[in-house]
Amino acid sequence: LVWGPDPARLPGISGDSPIRLGGVAILPQSLWALIISAVVLAALYLVNHHTTIGRAMTATATDPLAASLVGVSTGAMIRLSFAISAGVGALAGLALAPIVPLSFASGALLGLKGLTALMLGGWGTATGAVVGGIALGLIETFGASVLPSGYKDAIAFIVLIVILYYRPSGILGSPQSGEFRMR
């Protein structure tokens, strides 16, 4: 009621004028989103694979009973996982708010694309989510160049249906299914 019915767009971190690289125009906010994503993924990788807390969180996620038997506070690890998830979500919101117009239903489409990227890459792995996200972005971009632009968002639905029907464990497989190929 206050801002009207049209979707709102927040200003970018470093302006809205595009940067020209060769013949391609790139919004600065897209570069910020890419940089923030890379830093967050690197930090999560380092925490997960090179700290005691990361190993405790992995143990809790894999087998909470066994983790608690060796002295890991599973409740604390679950709370820490939720806190990290909230922080990553907040950073994603800061990175995407200037790119994606905000409305009452804008989160549903982003959630669908996130689920599609996760299923496409492989359930349960950060590597799979990144590979799936890049693959979905390329598929959507190619699809938007071939199909009318109104179908761009429907491509994620189509990819989700196809991946669930033909390969539900994703491109890289899933650690739980025993066919995971890349760590």
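Described in the following lines is the structure provided in the data block. (Residues numbered from 1 in each chain as written. Predicted model: local features only at pLDDT ≥ 70, side-chain atom pairs only at ≥ 80, totals over all residues. Heavy atoms only, no water.)

1. So, the packing of aromatic side chains
Here is step 1: Inspection of every chain in the model, using the stated rule, returns 1 aromatic pair.
Here is step 2: Ring centres 4.8 Å apart and planes at 85° place the aromatic pair tyrosine 165 and tyrosine 166 in the edge-to-face group. (Phe/Tyr/Trp six-rings, centres within 6.5 Å; stacked < 30°, edge-to-face > 60°.)

2. Looking at the nonpolar core
Here is step 1: Leu112, Ala117, Met119, Leu120, Ala135, Leu136, Ile155, Ala156, Val159, Leu160 and Ile163 together form the largest nonpolar core, which totals 11 residues.
Here is step 2: When residues of this core are traced back to their parent elements, those giving at least two are helix H5 (106-121), helix H6 (126-146) and helix H7 (154-166).
Here is step 3: Per-element tally for this core: the top contributor is H7, with 5 residues.
Here is step 4: Sequence-distant contacts of leucine 136, that is, excluding residues within four places in its chain, are made with Lys113, Thr116, Ala117, Leu120, Ala156 and Val159.
Here is step 5: In this structure, Met57, Ala67, Val72 and Met77 belong to the second largest nonpolar core, which totals 5 residues. (Core = buried A, V, L, I, M, F, W, Y, C linked by side-chain atoms within 4.5 Å. Buried < 20%, exposed > 50% of the residue type's maximum accessible area, 1.4 Å probe, protein only. Helix = DSSP H or I, 4+ residues; strand = E, 2+ residues; numbered from the N terminus. Contact = heavy atoms within 4.5 Å.)

3. Some thoughts on the environment of alanine 38
Here is step 1: Along the chain, the position of alanine 38 falls in helix H1 (residues 28-50).
Here is step 2: What makes alanine 38 partly exposed here is its relative accessible area of 44%.
Here is step 3: Distance in space between the C-alpha atoms of alanine 38 and threonine 141 is 21 Å, their sequence separation being 103 residues.

4. Overview of the packing of H5 against H6
Here is step 1: One can describe the packing of H5 onto H6 by two numbers: an axis separation of 7 Å at closest approach and a directional angle of 115°. Classified by the angle their axes make, H5 and H6 are roughly perpendicular. The hand of the H5/H6 crossing is right-handed. Within the contact between the two elements, H5 uses Lys113, Thr116, Ala117, Leu118, Leu120 and Gly121 and H6 uses Gly128, Ala129, Gly132, Gly133, Ala135, Leu136, Ile139 and Glu140. (Axes fitted to C-alpha atoms, helices over the stretch in contact; angles between N-to-C directions. Parallel < 35°, antiparallel > 145°, perpendicular 65-115°, else oblique. Left-handed = near helix turned anticlockwise from the far one by under 90°.)

5. Concerning the environment of threonine 74
Here is step 1: Note on placement: threonine 74 falls in helix H4 (residues 74-96).
Here is step 2: In the structure, threonine 74 is positioned 19 residues away from arginine 55 in sequence and 12 Å away in space, judged by C-alpha atoms.
Here is step 3: Beyond its immediate stretch of four places on either side in the chain, threonine 74 contacts Thr60, Pro64, Ala67 and Ser68.

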